[in-house]
Amino acid sequence: MSRPAAFLDRDGVINVDHGYVHRWEDFEFVPGVVDGLRRLQAAGYALVIVTNQSGIARGFYDEDALGRLHDALRADLAAKGVTLTSIEYCPHLPPPHAELARYAIDCDCRKPAPGMILRAARAHDLDLARSLLFGDRATDLEAGRRAGVGRCVLLAADAKPGPQPVDYLNLPEALDALSVPAA
Ligand SMILES: O=P(O)(O)OC[C@@H](O)[C@H]1O[C@@H](OP(=O)(O)O)[C@@H](O)[C@@H](O)[C@@H]1O
Ligand SMILES: [Mg+2]
Ligand SMILES: [Zn+2]
């Protein structure tokens with residue numbers, strides 16, 4: 001039977017968005033997020049990261065570097081008892097913004113398009129209507145809505161100062177509001 005997922009934006013939700021983070025040394029967890037992931041996992045949600053990585057199309061780093069970062073992230077979380085079902089990323093940018101021609105694609109996976117979510121749902125038999133999505137931008141939520149994710153929640157991004165309309169400050173606060181039990 002298909003199971004629900006928690007779709008999580010990466011930069012600004014899992015880690016502080018220092019701008020195109022692509023090295024483990026620069027990867028700083030947002031406070032409370034690992035506990036939040038444990039809670040979601042214990043409540044039966046598959047954990048899926050969905051992240052725009054236009055730094056690849058811009059030529060800032062390549063897919064191998066991103067793969068190494070994500071391997072380090074998976075290993076670190078596994079040591080903390082958290083298993084990621086998938087990390088979906090979009091390396092593209094629409095022309096003419098991309099530096100590298102092979103990534104200059106008007107794709108269906110760069111958020112706000114729903115492609116990454118739909119891809120993960122197909123690959124892992126996920127029940128989108130019972131799923132949750134957590135993002136730090138309106139474009140994350142739009143991707144979730146277009147994919148048919150049941151609840152899409154906007155979190156505050158620690159790294160972006162200034163007022164913005166957010167539903168909850170961080171993942172633990174959102175999980176309290178959604179009545180996801182402590183792990
Ligand atoms: O928040 P997610 O989707 O996990 O990842 C976003 C990042 O890939 C980068 O996305 C960029 O936006 P553009 O891709 O240049 O529009 C900028 O916002 C960067 O600061 C940010 O690090
Ligand atoms: Mg983000
Ligand atoms: Zn894409």
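Residues numbered from 1 in each chain as written. Chains lettered and ligands numbered in written order. Predicted model: local features only at pLDDT ≥ 70, side-chain atom pairs only at ≥ 80, totals over all residues.

> Break down the overall build of the protein chain for me, citing the residues and quoting the values.
Tallying secondary structure elements over the protein chain gives six helices and five strands in all. Going from N to C terminus, the protein chain has its helices and strands arranged as β-α-β-α-α-β-α-β-α-β-α. The C-alpha atoms of the protein chain give a radius of gyration of 16 Å, which matches the 16 Å a tight globule of 183 residues would have. When the backbone C-alpha atoms are referred to their principal axes, the protein chain occupies close to 45 × 35 × 35 Å. (Helix = DSSP H or I, 4+ residues; strand = E, 2+ residues; numbered from the N terminus. Rg over C-alpha atoms; globule rule 2.2 N^0.38 Å.)

> Now, about the nonpolar core: what can you tell me, with residues and values included?
In terms of nonpolar packing, the biggest core is built from 52 residues, with Ala-6, Phe-7, Leu-47, Ile-117 and Phe-134 touching the most fellow members. No other element matches the five residues that strand β2 (residues 46-52) contributes to this core. Those residues within four positions of Phe-134 in sequence are excluded, and the remaining contacts are Ala-6, Leu-8, Asp-9, Val-13, Val-153, Leu-155, Leu-171 and Ala-174. (Core = buried A, V, L, I, M, F, W, Y, C linked by C-beta atoms within 7 Å. Buried ≥ 20, exposed ≤ 12 C-beta atoms within 10 Å, placed from the backbone. Contact = placed C-beta atoms within 7 Å.)

> Please set out the site of ligand 1 residue by residue, giving values where relevant.
Taken together, Asp-9, Arg-10, Asp-11, Gly-12, Asp-17, Gly-19, Tyr-20, Thr-51, Asn-52, Gln-53, Ser-54 and Gly-55 form the complete shell of residues around ligand 1. Of all the secondary-structure elements, those providing two or more residues to the shell around ligand 1 are β2 and α2 (54-57). When its residues are assigned to classes, the shell around ligand 1 shows one nonpolar, seven polar and four charged. (Near = placed C-beta within 6 Å. Nonpolar A, V, L, I, M, F, W, Y, C, P; charged D, E, K, R; others polar.)

> So what's going on with the UniProt feature "binding site: Zn(2+)" (unreviewed entry) in the protein chain? Which residues, and what values?
This chain's UniProt record puts "binding site: Zn(2+)" (unreviewed entry) on Cys-90, His-92, Cys-107 and Cys-109. These annotated residues cover 20 residues of sequence, but their C-alpha atoms sit close together, with the largest distance between any two at 8.6 Å. Residue position: Cys-90 is located in strand β3 (residues 86-90). The buried category is assigned to Cys-90, around which 24 C-beta atoms lie within 10 Å. Once residues within four sequence positions are removed from consideration, Cys-90 is found in contact with Asn-52, Gln-53, Cys-107, Cys-109, Arg-110 and Met-116. By the secondary structure assignment, Cys-107 is in the loop between β3 and α4 (115-124). On the basis of neighbour counts, which here come to 16 C-beta atoms within 10 Å, the residue Cys-107 falls in the partly exposed class. (UniProt positions renumbered as here; feature names shortened; annotations may be inferred.)

> An account of helix α3 (residues 63-79) is requested, with residue identities and associated values reported.
Under the 1.5 Å per step criterion, the end-to-end length of α3 is 24 Å for 17 residues, consistent within 8% with the ideal 24 Å. Buried within α3 we find Leu-66, Leu-69, His-70, Leu-73 and Leu-77. In an axial view of α3, the angular spread of the buried residues amounts to 95 degrees, which keeps them on one side of the axis. For α3, exposure combined with an orientation more than 90 degrees from the buried face picks out Asp-64, Gly-67, Asp-71, Ala-75, Ala-78 and Ala-79. The secondary structure elements touched by the buried residues of α3 are α1 (33-42), α2 and β3. Of the residues one or two after α3, Gly-81 is the one with positive phi, at around 85 degrees. (Expected span 1.5 Å × (residues − 1). Arc of directions from axis to C-beta.)

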